[in-house]
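Given next are the chains, with one letter for each unit.
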Amino acid sequence: MAKREKKRRGRQMLSGKAIGEAVGGTLGGAIDLAVGSAEQVGRFLGSAVGLPGFELHQQAKHRTPPGSAAGIEYAPDSNTPPPPGTITIRGIDYGPDHYELFTCDELESLFNRPRGDNVKVRWINVDGLHPYVLRQFCERMGYHSLAAEDVLQVPQRPKVEVFERELFVIARMLRLDGRALLPEQVSFFLNDHTLVTFQETVGDVFDPIRKRIEDAGSRLRRSDASFLLYALIDAIVDHGFPILERYGDMLELLENEIVERPTTDAQRNVHVIKRELSMLRRAIWPTREVVSTLVNDQTPFIASDTRTYLRDVYEHTVQLVEVVETFREMASGLTDLYMSAVGNRMNEIMKVLTIMASLFIPITFIAGVYGMNFAYIPETQWEYSYYAFWVVCIVVTLGLLGFFWKRGWIGR
């Protein structure tokens, strides 16, 4: 009895160990699968599409607590200077016969910088957002406190606001850094022949504008600060076209892949592209409203000649919106195409299985009849009955194949 009890307990331990290993292996596999899926989503257009895709860098959100007092002076750290090296300030003074590039390490040196008679426009670009810096600009340049607060709290919807002393514009800049798609908010303050731009980080799409300013014969050197605002917004808008071209290439490759070999990876890629196109639409659609406001509103900060060029930018924003909507429809169509391709593939599989089952049904019936355990079946006493059985099975199968082919179910 003791030996039997020992053996029984041993079998229970082995069974428990086997069950534990099976459950552990299943959970481990599920976890590995989930991690692998997450990694595939992160590299959503690597091996599946075969084209370097985009890695969206989510924009950092800076929001004050609900119910906080409005205005940059109430923002945290608005009285504390930023650590050295966190804010970069660059500027350009230019006119028809003058060009000077400068950088400032301290705000006091920037505000006290003299402005010569031959300087027609001053462009100040601030890389990095800090409440102290924005508050200093409000106090020294006369900017509205609510506008400065909007600069700090990103992301904001692109918009235009006209204040007593300045024109305030918010735009959304999209740029490519290798495979990374970087969304960034850019804020513009225009007043007194001075344009101040605030960016979240270092790096932008304005290098062609800077090169045009260096050229003494360019229109920028002869125009006012509102024309510089137009040029910067135009650079932001035009930079959307190569981004959308990349999405168009990816959609074409996905369409070919879905037609030839519909896989779950392709479906996942289509879903990610639809999400990215929605993000682009949220950035481009309000930009069209911004440009339309700059064109139509008779603000004293925008010169009449500049409005003519802004109308061209408005046409570009309309084109971008149309392209985005077209690509979104293509992405939705690819989802329907994937479902149709998977359905057709499943129908073909079911068709093959149905035909195979149909071929075996009659010969299974024959085999079942002659496999019954009756004492006397006349055909089984014949010496050639085995060969006759195979002949009947082959003839029936060939007859069914011919019937299926004639009806067009196979071979056509």
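It should be noted that the structure appears before, not after, this text.
Keep in mind it's a predicted model, so treat the numbers as computed, not measured. (Residues numbered from 1 in each chain as written. Predicted model: local features only at pLDDT ≥ 70, side-chain atom pairs only at ≥ 80, totals over all residues. Heavy atoms only, no water.)

Colleague: Can you break down the pairing of strand β6 (residues 167-177) residue by residue, with the values?
Modeller: With 9 of its 11 residues buried, β6 lies for the most part within the structure. Where strand β5 (residues 159-162) and β6 come together, 4 bridges link them in antiparallel fashion. Along β6, the bridge assignment pairs Val162 with Leu167. Linking β5 back to β6 in an antiparallel pair, the connection comprises 4 residues. (Buried < 20%, exposed > 50% of the residue type's maximum accessible area, 1.4 Å probe, protein only. Helix = DSSP H or I, 4+ residues; strand = E, 2+ residues; numbered from the N terminus. Pairing = 2+ DSSP bridges.)

Colleague: Provide a residue-level description of the packing of aromatic side chains, including the pertinent values.
Modeller: For any pair of aromatic rings, geometry is given as the distance between the ring centres together with the angle between the planes. Applying the stated criterion to the full structure yields 14 aromatic pairs. Ring geometry for Trp123 and Phe206: centres 6.3 Å apart, planes at 65 degrees, overall edge-to-face. One end of the pair, Trp123, is in strand β4 (residues 121-127); the other, Phe206, is in the loop between β8 (194-199) and α5 (207-214), and 83 residues separate them in sequence. In this pair, the class of Trp123 matches that of Phe206, namely buried. Measuring from ring centre to ring centre gives 5.6 Å for Tyr386 and Tyr387, while their planes differ by 80 degrees; the resulting arrangement is edge-to-face. Of the two residues examined, Tyr386 and Tyr387, each falls in the exposed class. Among the aromatic residues, ring-to-ring pairing joins Phe111, Phe137, Tyr143, Phe168, Phe189 and Phe198 into one connected group. Residue placement shows Arg113 over the ring face of Phe102; its charged tip is 4.0 Å from the ring centre. The positively charged end of Arg281 is found above the aromatic ring belonging to Trp285, 4.8 Å away from the centroid. (Phe/Tyr/Trp six-rings, centres within 6.5 Å; stacked < 30°, edge-to-face > 60°. Lys NZ or Arg CZ within 6 Å of the ring centre and 35° of its normal.)

Colleague: An account of a negative patch on the surface is requested, with residue identities and associated values reported.
Modeller: Residues Glu245, Asp249, Glu252 and Glu255 make up a contiguous surface patch of negative charge. For Glu245, the location among the structural elements is in helix α8 (residues 240-260). (Patch = residues over 30% accessible without salt bridge, like charges linked within 9 Å, V, L, I, M, F, W, Y side chains within 5 Å. Areas by Shrake-Rupley, 256 points an atom, 1.4 Å probe, with all protein chains shown as cover. Salt bridge = Lys/Arg side-chain N within 4 Å of Asp/Glu carboxyl O. Lys, Arg positive; Asp, Glu negative; His and termini not counted. Charge placed at Lys NZ, Arg CZ, Asp CG, Glu CD.)

Colleague: With reference to specific residues and values, describe the environment of Tyr143.
Modeller: Secondary-structure assignment places Tyr143 in the loop between α3 (131-141) and α4 (145-152). Note on Tyr143: relative accessible area 5%, which makes it buried. For Tyr143 and Glu164, which are 21 residues apart along the polypeptide, the C-alpha to C-alpha distance reads 9.0 Å. What Tyr143 contacts, discounting residues up to four positions off in sequence, is Phe137, Cys138, Glu166, Phe189, Asn191 and Val196. (Contact = heavy atoms within 4.5 Å.)

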